[in-house]
Amino acid sequence: VITHGKSRFATDPAQWKSRLERFLDAQPGAQGPVTVEDLCLPPASGGASSGTIIFTANYAATGRSEKLVLRYDPGESQTHEYDMVGQYQLLRALEDTEVPSPPVFGLDASGEYFGVPGFIMSYIDGTALPSTYPVGGLLFDATPAARTAIVREIVTAMAKVHEVDWRSKKLDLITRQGKGQTAL
C-alpha cells in the first residue's frame with residue numbers, strides 16, 4: 001500500500017482491477033459491463049512522473065477490447081507537483097491537433113474511484129525516453145543514424161506543439177503561471 005497524503009490506495013493489481021472496472025462502467029456511453037485484465041504496473045522509467053498502470057479493457061456489449069493506461073497521482077514528491085486534472089485537460093485539448101498524443105476517456109478528479117486523482121487514456125506503443133537519457137538508455141545507446149532519427153522525431157513533435165492555437169484551445173486557462181513577478 002502506498003500512502004498518499006492522508007489517504008491510502010492499493011498497489012495490488014486485484015484492487016486496481018475492481019477500481020478500474022467500476023470507473024469504466026460509470027463512464028457515459030459505457031458498453032459494459034467492462035472487465036479488466038492484463039494489468040501491468042511498469043517499472044519506473046520514461047513517463048514515471050505520474051503513476052502508470054497499463055491494462056486491457058473488454059466491453060461485453062460489443063466484444064471489443066482495447067489497451068488503456070491509467071495515469072494517477074502517486075503522492076507527494078520533492079520534485080513534481082501533480083496536476084492530473086490539468087494533464088487530462090491538456091490531452092483533451094490536443095486530441096484534434098497534429099500533436100502526437102493519446103485520446104483520454106475519463107477523469108477521476110476527486111479520487112472517488114482510484115483513491116487518488118487520475119485519468120484513463122489510450123495506450124500508444126513505443127518507448128519513452130528515461131530521465132537518464134543523456135548518460136544511458138535508448139537515445140544514448142542508439143547508433144548515430146538511429147539517434148538522428150529519434151531527435152528528428154522529437155523536434156517534429158515539438159514543432160507541432162508550437163503550431164497549436166493555444167488561445168482557441170483555451171490552454172491559457174489550464175496552465176499555471178510561475179510565482180513572482182517574472183518567469184525567471
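Residues numbered from 1 in each chain as written. Predicted model: local features only at pLDDT ≥ 70, side-chain atom pairs only at ≥ 80, totals over all residues. Heavy atoms only, no water.

Engineer: Which parts of the structure should I look at to understand the pattern of salt bridges?
Structural biologist: Pairing is possible between side chains that carry opposite charge, provided their charged atoms lie close to one another. Inspection of the entire model under this criterion finds 4 salt bridges. Note that Glu 66 is salt-bridged to Arg 64, the shortest N-O span being 3.2 Å. Since its relative accessible area comes to 37%, Arg 64 is described here as partly exposed. The closest approach of N and O atoms between Asp 96 and Lys 169, which form a salt bridge, is 2.3 Å. (Salt bridge = Lys/Arg side-chain N within 4 Å of Asp/Glu carboxyl O. Buried < 20%, exposed > 50% of the residue type's maximum accessible area, 1.4 Å probe, protein only.)

Engineer: When you look at the environment of Tyr 72 in this model, what are you seeing that I'm missing?
Structural biologist: Looking at the secondary structure, you find Tyr 72 in strand β5 (residues 64-72). On the basis of relative accessible area, Tyr 72 is assigned to the buried category, the value being 7%. The spacing of Tyr 72 and Gly 115 is 43 residues in sequence and 9.4 Å in space, taken between C-alpha atoms. (Helix = DSSP H or I, 4+ residues; strand = E, 2+ residues; numbered from the N terminus.)

Engineer: Is there a simple way to explain the environment of Leu 91 in this structure?
Structural biologist: With respect to the helices and strands, the residue Leu 91 is situated in helix α2 (residues 84-94). Of the residues examined, Leu 91 reaches a relative accessible area of 15% and is grouped as buried. It is 7.0 Å that separates the C-alpha atoms of Leu 91 and Pro 102, two residues lying 11 residues apart in sequence.

Engineer: Would you explain the packing of aromatic side chains in this entry?
Structural biologist: Two measures describe an aromatic ring pair: the distance that separates the ring centres and the angle between the ring planes. Taken as a whole, this structure holds 5 aromatic pairs when the rule is applied. The interplanar angle of 75° and the centroid separation of 5.3 Å between the aromatic rings of Phe 23 and Tyr 113 together place this pair among those described as edge-to-face. Linking Phe 23 in helix α1 (residues 13-25) with Tyr 113 in the loop between β6 (104-108) and β7 (118-122), this pair joins segments that are 90 residues apart in sequence. Like Tyr 113, Phe 23 is buried. Ring centres of Tyr 88 and Phe 119 lie 5.9 Å apart, and the angle between their planes is 65°; this geometry places the pair in the edge-to-face category. Placement of Tyr 88 in helix α2 and of Phe 119 in strand β7 is noted, with a sequence separation of 31 residues between them. We classify Phe 119 as buried; its relative accessible area is 1%. Aromatic ring contacts, followed pair by pair, group Trp 16, Phe 23, Tyr 72, Tyr 113 and Phe 114 into a single cluster. Sitting over the ring of Trp 16, Arg 19 keeps its end group 5.9 Å from the ring centre. (Phe/Tyr/Trp six-rings, centres within 6.5 Å; stacked < 30°, edge-to-face > 60°. Lys NZ or Arg CZ within 6 Å of the ring centre and 35° of its normal.)

No statement about biological role is implied by the geometric values presented.
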